[in-house]
Amino acid sequence: MAGNGILRGRAHVFGDDVNTDYIISGKYKFRTLDVEELARHCMEDVDPGFSERVRPGDFIVAGGNFGCGSSREQAPLVIKHAGVSAVLARSFARIFFRNAINKGLPAVECDTSGIRAGDELEVDLARGKVKNVTRGYTLEIVPLPAVMMDILAEGGLTDYLRKHGGFKL
Amino acid sequence: MGMTIAEKIFSRHCGRPVRAGELVVAEVDFMMGQDGTSPLAIQAFRELGGERVCDAARVAMVIDHSAPSPLEGVSNLHAMMREFAGEQGLFLYDVGWGVCHCLLPEQGHVVPGDLVIGADSHTTTYGAINVFSTGVGSTDLAAAMLSGKLWFKVPETLRLELRGTLAPGVYSKDIALFLAGELTADGATYLAVEYGGEAISSLSVEARFTIANMAVEMGAKAGLMQADEKVLQWVSRRAARRPAPADPDPDASYRGVLEYDLGGLTPQVALPHRVDNVKPVEEVEGTPIQEAVIGTCTNGRLEDLEEAARILAGRRASPEVRLIVAPASRQVLMEAMEKGIAQRLVEAGAALVTPGCGPCVGTHNGVPADGEAVISTANRNFKGRMGNANAHIYLASPATVAASAVAGKITDPRRML
Ligand code: SF4
């Protein structure tokens, strides 16, 4: 994250119902806990070569129900390790959403319909804005509950719990 | 105002009345991880500085997804689970015990009125016995193992009134597929679903698990049913803990109430690559298949094997088809052996594999070849789900899968009843 808390990068655009098998196939995730190894297979079945094209800070932009399917926490983890700074989607499947926050990967619910592949975006979580620099417009984000912002700010649930010693609601 | 099943269960676990929309921290009655999620949970538990789990009697780990291990990487993760379970004294269901979602109710770990988490999305299954059970990730499981608690958002509830009696050859799986088609893959996202009506109450408890199992295929956080006499009897034969059934109040407030008459329902099939791409079997009959799978946490229970065996009795699987049967648990396999069901399946040409997830998630036990079509009793048919992105997966009831295995092509089971 840049010093001012604004995330910058380019959009990689996907459709609706991107499931956790597409994000990281079950055939890999049972073999290893090595996230760097798993990250090389991120999005492999729906967008071959994604892990080579994605640059640090880039965004995954999707339609509805992103992350549906299994509870595998490896899904947000490999996205984060592939270098993606946030996922923007019209809606998220709930376990993915929870896991993303727990792993410190911002999951941003907003209207993604106007974003095209390669668009340059700026995401300001604290102020709740997504700016499409390429197309010159700004979107408001559905704000996250405070506990989730706190977990994200600590970089994930593990660090949050280590700091607070429990859940603070 | 009255409460839904979800609001009642959360209220009891928070020690105060809570309503849909509230963020709460609640005590969890039981928690579970499988071999795809436990290793990360163990890692997170250590990172949290965890030494002892809060209560070993409330934690189970199940080696079911890749069991027995096909690769050294998997073996090492299994070894990590065994070591942790041994050190902590928690329940470990090792290779051959069966699928986590069959085991937890079968082994009496969960009872009506419980709040349960599992690091597996199909944890919704126990909703069939009135348990608020939901899937979480590994770090959530680690946090709950440490503290016994977890944070939740109390969900709103969508009520489904299912009327009518199923026709012969139509099963609870057909209801689950029909509802996924109607409501779509995200039609119940963030919501609890309550299932009621005589189409549910007339089903056996085993058949109800199939429907609650697939609640998550509509995005639901839980798939809840009432604990009627059948459920209480089923549970009392297995669990030592006392159930505390949570019935919905008549004036409970719902996000919506939908009513379906299932009297005219015909066998349903989900077509590749979406679980909500559902059609009546009549519209896909004749599609050639090369593999047929009976098993998984959706349909690997005794009744499912029994239904399949009934169709296969005196018949054989087509030589063009590999028929793979994975009983959902060791107990299911034992009963299937006692009743001669296993014998009939094997005689009909089935390859019987270890109780567990079988080929469901593409780790082993029957990865299809490029271009092949598979018909399976599982709950997911995503591209690549069974380990090959160039294969096509159709989902159906055990009867439809068995009939299709015989014919070598997708077949209406009513032709073979
Ligand atoms: S049988 Fe399939 S869906 Fe069920 S827990 Fe195992 S892998 Fe998951």
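For clarity, every value in this text was computed on a predicted model and none was experimentally measured.

**Digging into the pattern of salt bridges**
All names here are of chain B. The tally for this structure, following the rule as stated, stands at 39 salt bridges over all chains. Its salt-bridge partner being arginine 255, residue glutamate 156 comes within 2.8 Å of it at the nearest N-O pair. Within this pair, whereas glutamate 156 is found in the loop between strand S7 (149-153) and strand S8 (157-163), its partner arginine 255 is found in the loop between helix H9 (229-236) and strand S11 (256-261), the two being separated by 99 residues in sequence. Residue arginine 163 is joined to glutamate 161 by a salt bridge in which the shortest nitrogen-to-oxygen separation is 3.4 Å. According to the relative accessible area criterion, glutamate 161 is buried, its value standing at 15%. A single salt-bridge network, built from bridges that share partners, covers Arg159, Glu161, Arg163, Glu194, Glu198 and Glu259.

**Some details on helix H3 (residues 72-88) of chain B**
Residues and elements named next belong to chain B. Over its 17 residues, H3 extends 24 Å from the first C-alpha to the last, a length consistent with the 24 Å expected when each residue adds 1.5 Å. Along H3, the residues that are buried comprise Val74, Leu77, His78, Met81, Phe84, Ala85 and Gln88. Buried positions in H3, seen along its axis, are confined to an arc of 125 degrees and lie on one side of it. Of the exposed residues in H3, the ones pointing more than 90 degrees away from its buried face are Glu72, Asn76, Glu83 and Gly86. Where the residues of H3 are buried, they touch strand S2 (30-34), helix H2 (38-47), strand S3 (59-62), strand S4 (91-93) and helix H5 (138-147). Within two residues after H3, glycine 89 carries a phi angle of roughly 75 degrees, on the positive side.

**Quick word on the domain arrangement of chain B**
All names here are of chain B. Taken as a whole, chain B is organised into domain 1 (5-259) and domain 2 (270-412). The centre of domain 1, based on its C-alpha atoms, is set 24 Å off from the matching centre of domain 2. Listed as interface residues are 37 residues of domain 1 and, on the opposing side, 33 residues of domain 2. In this assembly, domain 1 packs against domain 2 so that about 2,900 Å² is buried in total across both faces, 56% of it on carbon and sulfur atoms. Inspection of the region where domain 1 meets domain 2 yields one salt bridge. With a shortest N-O distance of 3.1 Å, arginine 380 and glutamate 217 are connected by a salt bridge.

**Topic: the packing of helix H8 (residues 205-213) of chain B against H9(B)**
Residue and element names in this part refer to chain B. Close contact between H8 and H9 brings their axes to 10 Å; oriented N to C, the two are set at 100 degrees. The orientation of H8 relative to H9 falls into the category roughly perpendicular. Across from Val205, Glu206, Arg208 and Phe209 in H8, the residues of H9 making contact are Lys230, Val231 and Trp234. Residues belonging to the contact of H8 with H9 are distributed by class as follows: four nonpolar, no polar and three charged.

**Focus on the packing of helix H11 (residues 302-312) of chain B against helix H14 (residues 398-407) of chain B**
All names here are of chain B. Two elements in contact, H11 and H14, have axes separated by 8 Å at closest approach and are oriented at 30 degrees. For H11 against H14, the interelement crossing comes out right-handed. Facing H11, whose interface residues are Asp304, Ala308, Ile311 and Leu312, H14 presents Pro398, Ala399, Ala402, Ala403 and Val406. The residue makeup of the contact of H11 with H14, split by class, is eight nonpolar, no polar and one charged.

**Brief notes about the packing of aromatic side chains**
Summed over the entire model, instances satisfying the criterion amount to 13 aromatic pairs over all chains. Ring geometry for B:Phe30 and B:Phe91: centres 6.4 Å apart, planes at 45 degrees, overall tilted. Placement of B:Phe30 in strand S2 and of B:Phe91 in strand S4 is noted, with a sequence separation of 61 residues between them. The class for B:Phe30 is buried, based on a relative accessible area of 2%. Exposure remark for B:Phe91: the relative accessible area of 33% places this residue in the partly exposed category. Between B:Phe45 and B:Phe84, the ring centres sit 5.5 Å apart and the planes meet at 80 degrees, which makes this aromatic pair edge-to-face. Of this pair, B:Phe45 sits in helix H2 while B:Phe84 is found in helix H3, placing the two residues 39 residues apart along the sequence. The class of B:Phe84 is buried, set by a relative accessible area of 1%. Here the aromatic residues A:Phe66, A:Phe92, A:Phe96 and A:Phe97 are joined through ring pairs into a cluster of three or more. Positioned over the ring face of B:Trp151 is A:Arg98, at 4.1 Å from the centre of the ring.

**A look at the sheet that holds strand S3 (residues 86-89) of chain A**
All names here are of chain A. Taken in spatial order, the seven strands of this open sheet run S4-S3-S2-S1-S5-S6-S7, and their pairing is mixed. One side of each edge strand has no neighbouring strand; the edge strands of this open sheet are strand S4 (107-109) and strand S7 (137-140). This sheet shows a mean twist of 30 degrees between the axes of neighbouring strands, independent of strand direction. As defined by bridge partners, strand S1 (residues 6-13) adjoins strand S5 (residues 120-124) across five bridges and the pair is classed as antiparallel.

**Comments concerning the interface of chain B and chain A**
On the side of chain A, 42 residues touch chain B, which itself brings 53 residues to the contact. The junction of chain B with chain A conceals about 3,900 Å² of combined surface from both sides, 60% of it contributed by carbon and sulfur atoms. A per-residue breakdown of the area chain B buries against chain A is headed by B:Thr139, B:Trp151 and B:Tyr190, which together make up 18% of the total. Put simply, chain B and chain A have three salt bridges between them. Among the salt bridges present, the one from B:Arg274 reaches A:Asp17, with a minimum N-O distance of 2.8 Å.

**Regarding the site of the ligand**
Residues and elements named next belong to chain B. Inspection of the region around the ligand gives His65, Val99, His101, Asp120, His122, Thr296, Cys297, Cys357, Cys360, Val361, Asn379 and Arg385 as its neighbouring residues. For the shell around the ligand, a count of residues per class yields five nonpolar, five polar and two charged. Built from parts of two domains, the shell around the ligand gets at least three residues from each of domain 1 (5-259) and domain 2 (270-412).

**Regarding the pairing of strand S6 (residues 129-132) of chain A**
Residues and elements named next belong to chain A. Of the two faces of S6, the one holding Val130 and Asn132 is buried and the one holding Lys129 and Lys131 is not buried anywhere. In the sheet, S5 pairs with S6 via four bridges, with the strands oriented antiparallel. When the sheet's bridge partners are listed, aspartate 124 is paired in S6 with lysine 129. Between S5 and the antiparallel strand that follows it, S6, lie four residues; glycine 128 among them carries a positive phi value of about 70 degrees. Where S6 meets S7, four bridges bridge the pair, whose relative direction is antiparallel. By the bridge assignment, lysine 131 is partnered in S7 with threonine 138. Taking the residues between adjacent antiparallel strands as the criterion, S6 and S7 are bridged by four residues, where glycine 136 takes a positive phi near 70 degrees.

What counts as what
- Residues numbered from 1 in each chain as written.
- Chains lettered and ligands numbered in written order.
- Predicted model: local features only at pLDDT ≥ 70, side-chain atom pairs only at ≥ 80, totals over all residues.
- Heavy atoms only, no water.
- Salt bridge = Lys/Arg side-chain N within 4 Å of Asp/Glu carboxyl O.
- Helix = DSSP H or I, 4+ residues; strand = E, 2+ residues; numbered from the N terminus.
- Buried < 20%, exposed > 50% of the residue type's maximum accessible area, 1.4 Å probe, protein only.
- Expected span 1.5 Å × (residues − 1).
- Arc of directions from axis to C-beta.
- Contact = heavy atoms within 4.5 Å.
- Domains from an automatic or database assignment.
- Buried area = accessible area lost by both parts, 1.4 Å probe.
- Axes fitted to C-alpha atoms, helices over the stretch in contact; angles between N-to-C directions.
- Parallel < 35°, antiparallel > 145°, perpendicular 65-115°, else oblique.
- Nonpolar A, V, L, I, M, F, W, Y, C, P; charged D, E, K, R; others polar.
- Left-handed = near helix turned anticlockwise from the far one by under 90°.
- Phe/Tyr/Trp six-rings, centres within 6.5 Å; stacked < 30°, edge-to-face > 60°.
- Lys NZ or Arg CZ within 6 Å of the ring centre and 35° of its normal.
- Pairing = 2+ DSSP bridges.
- Near = heavy atom within 4 Å.

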